[in-house]
Amino acid sequence: MKLLSAKLEPAALSIVIQAEVDFEQFELFAEPLAAALDCDIRERQWGADRHQWLLYFEGSSLWLHYEFYGDICWISTDSANELDVLAFLLTLLAPHIQTA
């Protein structure tokens, strides 16, 4: 898992992640990411150009998304009440961001 940056986007209820992701081997990125966040993987969905995994963290359901054509990855929630959960998860990602 190679993370380049991660940023909380409160208006979108998400964490936007810039990372090196191989679409064909998404699990090699997503499984270590879920482990780093102490999240359980509940569901895995994918299509022609998108992965969407349901994650579970201490009572919160979150979605991990990756779109191939936009090369964009993000973790989102459906509830503004869980914005603090995203903020906490961002702190767990910080040690994994490679700046060099």
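Above: the structure in question.
One structure accompanies this document, and this report is about it. (Residues numbered from 1 in each chain as written. Predicted model: local features only at pLDDT ≥ 70, side-chain atom pairs only at ≥ 80, totals over all residues. Heavy atoms only, no water.)

### A short note on the packing of aromatic side chains
So the rule is basically this: Stacked, tilted and edge-to-face are the three classes applied to pairs of Phe, Tyr and Trp rings, where Trp contributes its six-membered ring and a pair requires centres within 6.5 Å; stacked means planes under 30 degrees apart, edge-to-face means over 60, and tilted covers the rest. Burial classification: accessible surface area is computed with a 1.4 Å probe over protein chains only, and a residue below 20% of its type maximum counts as buried, one above 50% as exposed, and the rest as partly exposed. Ring-over charges, as used throughout, are those where CZ of Arg or NZ of Lys falls within 6 Å of the ring centre and within 35 degrees of the ring normal.
Per the counting criterion, the structure on display carries seven aromatic pairs. When the ring of Phe26 is compared with that of Phe29, the centres are 6.0 Å apart and the planes differ by 50°; the resulting orientation is tilted. For the pair Phe26 and Phe29, one class covers both residues: buried. Ring pairs connect the aromatic residues Phe23, Phe26, Phe29, Trp53, Tyr66, Phe68 and Tyr69, which therefore count as one cluster. Positioned above the aromatic ring of Tyr56, the side-chain terminus of Arg42 is 3.9 Å from the ring centre. The ring of Trp53 has Arg44 sitting right over it, with the charged end atom 4.3 Å from the ring centre.

### Let's talk about the sheet that holds strand β5 (residues 60-67)
What counts, and what does not: In this description, strands pair whenever DSSP reports at least two bridges between them. A run of DSSP states H or I qualifies as a helix once it reaches four residues; a run of E qualifies as a strand once it reaches two. Both are numbered from the N-terminal end. Every angle, taken between N-to-C directions, lies between 0 and 180 degrees, and every axis is a line fitted to C-alpha atoms, over only the stretch in contact when it is a helix. Contacts are assigned to residue pairs that have any heavy atoms within 4.5 Å of one another.
Here six strands make up an open sheet; going across it, the order is β1-β2-β6-β5-β4-β3 and the pairing antiparallel. The open sheet has two free edges, formed respectively by β1 (2-9) and β3 (40-46), since each of these has just one partner strand. Between one strand axis and the next, the sheet turns through 20° on average, direction left out of account. Bridge count between β3 and strand β4 (residues 50-57): six bridges; the pairing is antiparallel. Across the sheet, residue Trp46 finds its bridge partner in β4, namely His51. Packed onto the sheet, helix α2 (residues 83-93) meets β1, β2 (14-20), β4, β5 and β6 (72-76) and runs at close to 155° relative to β1.

### Focus on helix α1 (residues 27-36)
For clarity, the threshold we go by: The arc under discussion is defined with respect to the helix axis, by the directions toward the C-beta atoms.
Residues Phe29, Ala30, Leu33, Ala34 and Ala36 constitute the buried set of α1. The buried residues of α1 occupy an angular sector of 155° when projected down its axis, which confines them to one face. The exposed set on the far side of α1, more than 90 degrees from its buried face, consists of Leu28 and Ala35. One or two positions beyond α1, positive phi appears at Asp38, with a value near 60°.

### Notes on the side chain of His65
What counts, and what does not: For this analysis, a polar contact is any N or O atom pair within 3.5 Å, provided that within protein one partner can donate a hydrogen and the other can accept it, and provided that sequence-adjacent residues contribute only side-chain to side-chain pairs.
Mapped onto the elements, His65 comes out in strand β5. Given a relative accessible area of 6%, His65 falls into the buried group. A distance of 2.6 Å separates the side chain of His65 from the side chain of Arg50, its partner in a polar contact. With near-sequence residues (within four places) excluded, His65 lies in contact with Arg50, His51, Gln52, Ile72, Cys73, Trp74 and Ser76.

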